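Descriptive structure summary
For reference, the chains in residue letters:
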Amino acid sequence: MSILRLRDIRKTYNVTPPVPVLHGVDLDVEAGEKVAILGYSGAGKSTLLNIMGLLDVPSSGSYELAGYETETLKPHDHDRLRADVLGFIFQDYHVLGYRTVAENLDLKLSIAKIPHAGREQAIDRALQDVGLTERKHSLSRLLSGGEKQRLAIARAIITRPRVLLADEPTGNLDSVNARIVLDLFDQQAANGVAIVVITHDERLAQWADRAVHLRDGKIDE
Ligand SMILES: Nc1ncnc2c1ncn2[C@@H]1O[C@H](COP(=O)(O)OP(=O)(O)OP(=O)(O)O)[C@@H](O)[C@H]1O
Ligand SMILES: [Mg+2]
């Protein structure tokens, strides 16, 4: 069974004039699979990722995530499902610069309603996973770009998601740091986590198990 299943997903932004972006996207992603979605700027990649991440709703179509028919869920249940199942990674890291590394992770655990008792251990484990143990009490804004992205990955995986969604995760990184990020993704995939990466970088297409193109609002395998 697919962890992520999209059928005939359509999206038009209701502005004046309306902006039609997705014209019937079909996509299945299995547990442990690494999928790259490629497409030109403006093709609708972020739109699709926002829908997969339950941050936006499609105009029509069906989206099943971890066995849940998301269109039948209430907004509150979307929040719950997002916190339980998904992890996000963005090109520009989205870490809180004036909080320490540990505080950034603790905030995520708090949003996911993880009890205080287990948090310290979870933080230490996540930092170890991404090789940031030494920076636990550093202010996040003092980290290098590669370190910030590793913190963002730690924050995404600390709740043990079943799906990682990444929007241009290596876009701001040199090749050494990009390789580190992909190695971390590989470890997650080996543990059964599905990875969906949105990119216009052909190197990520090489790395993925499967690369698909978003073209004219549809997926082209
Ligand atoms: N909130 C919005 N309201 C109206 N139009 C939007 C909105 N968000 C995105 N769009 C439009 O939808 C189209 C697809 O945008 P999207 O951000 O999904 O593209 P993208 O493939 O991620 O591009 P990039 O590679 O530049 O990030 C663009 O034409 C964009 O202008
Ligand atoms: Mg985008």
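Residues numbered from 1 in each chain as written. Chains lettered and ligands numbered in written order. Predicted model: local features only at pLDDT ≥ 70, side-chain atom pairs only at ≥ 80, totals over all residues. Heavy atoms only, no water.

Examining the nonpolar core
Stated precisely, the cut-off is as follows: Here, nonpolar core means buried Ala, Val, Leu, Ile, Met, Phe, Trp, Tyr and Cys residues that are tied together by side-chain atoms lying within 4.5 Å of each other. Only protein chains enter the area calculation, which uses a 1.4 Å probe; residues under 20% of their type maximum are buried, those over 50% are exposed, and those in between are partly exposed. Going along the chain from the N terminus, every DSSP run of H or I of four or more residues is numbered as a helix, and every run of E of two or more is numbered as a strand.
In this structure, I153, L164, F185, I195 and W207 are the most contacted members of the largest nonpolar core, which totals 38 residues. Looking at this core element by element, the count peaks at six residues for helix α5 (residues 145-157).

Some thoughts on the site of ligand 1
Selection criterion: For this purpose, a residue is taken to be near a molecule or strand whenever a single non-hydrogen atom of the residue falls within 4 Å of it. Polar contact criterion, stated in full: a pair of N or O atoms within 3.5 Å, where within protein one must be able to donate a hydrogen and the other to accept it, and residues adjacent in sequence count only if both atoms are side-chain atoms. Per-residue and other accessible areas follow the Shrake-Rupley method at a 1.4 Å probe size, with only the shown protein chains counted as cover for residues. Following the grouping adopted for this structure description, the nonpolar residues are Ala, Val, Leu, Ile, Met, Phe, Trp, Tyr, Cys and Pro, the charged ones are Asp, Glu, Lys and Arg, and the polar ones are all others, Gly among them.
Around ligand 1, a shell composed of 13 residues is seen, among which S41, G42, K45, S46 and T47 lie nearest. Side-chain polar atom of S41 to an oxygen atom of ligand 1: 2.6 Å apart, as the coordinates give it. Within the side chain of K45, an N or O atom sits 2.7 Å from an oxygen atom of ligand 1. Relative to its free-state accessible area of 630 Å², ligand 1 is covered by the protein chains to the extent of 59%. Elements with a minimum of two residues in the shell around ligand 1: β2 (19-29) and α1 (45-52). At three residues, α1 tops the list of elements feeding residues into the shell around ligand 1. A per-class count over the shell around ligand 1 returns six nonpolar, six polar and one charged.

Considering a nonpolar patch on the surface
To keep things clear, this is the line we draw: Exposure above 30% relative accessible area and the lack of any salt bridge qualify a residue for a patch; like charges then connect within 9 Å, and the nonpolar side chains Val, Leu, Ile, Met, Phe, Trp and Tyr within 5 Å. The salt bridge definition used is simple: a Lys or Arg side-chain nitrogen within 4 Å of an Asp or Glu carboxyl oxygen.
Residues L96, L107 and I111 make up a contiguous nonpolar surface patch of roughly 250 Å² in combined accessible area. With respect to the element layout, L96 can be found in the loop between β6 (86-90) and α3 (101-111). Exposure remark for L96: the relative accessible area of 38% places this residue in the partly exposed category.

As for the side chain of E147
As a reminder of what qualifies: We call two residues in contact when some of their heavy atoms are within 4.5 Å.
Along the chain, E147 turns up in helix α5. With a relative accessible area of 16%, E147 lands in the buried category. Residues in contact with E147, not counting those within four places in the same chain, are L132 and R135.

Description of the pairing of strand β4 (residues 60-65)
Selection rule: Strands were regarded as paired on the criterion that DSSP finds at least two bridges between them.
Across five bridges, strand β1 (residues 4-13) lies against β4 in antiparallel orientation. Across the sheet, R5 pairs through a bridge with E64, a residue of β4. Of the pairings in the sheet, the one linking β4 to strand β5 (residues 68-69) comprises two bridges and is antiparallel in character. Bridge pairing in β5 places L65 opposite Y68. Counted along the chain from β4 to the antiparallel partner β5, the turn is two residues long, and its residue A66 has a positive phi close to 50°.

Quick look at α1
Among the eight residues that make up α1, six are buried, leaving the element largely enclosed by the rest of the structure. Along α1, the residues that are buried comprise K45, T47, L48, L49, I51 and M52. Where α1 ends, the next residue or the one after it, L54, has phi of about 60°, a positive value.

Digging into the sheet that holds β2
Operational definition: In this analysis, axes come from line fits to C-alpha atoms, helices being fitted only over the stretch in contact, and the angle between any two N-to-C directions falls in the range 0 to 180 degrees.
Taken in spatial order, the four strands line up as β2-β1-β4-β5 in an open sheet, and their pairing is antiparallel. Looking at strand neighbours, the two that pair on one side only are β2 and β5, the edges of this open sheet. Packed on one face of the sheet, α1 meets β1, β2 and β4 and runs near 125° to β1.

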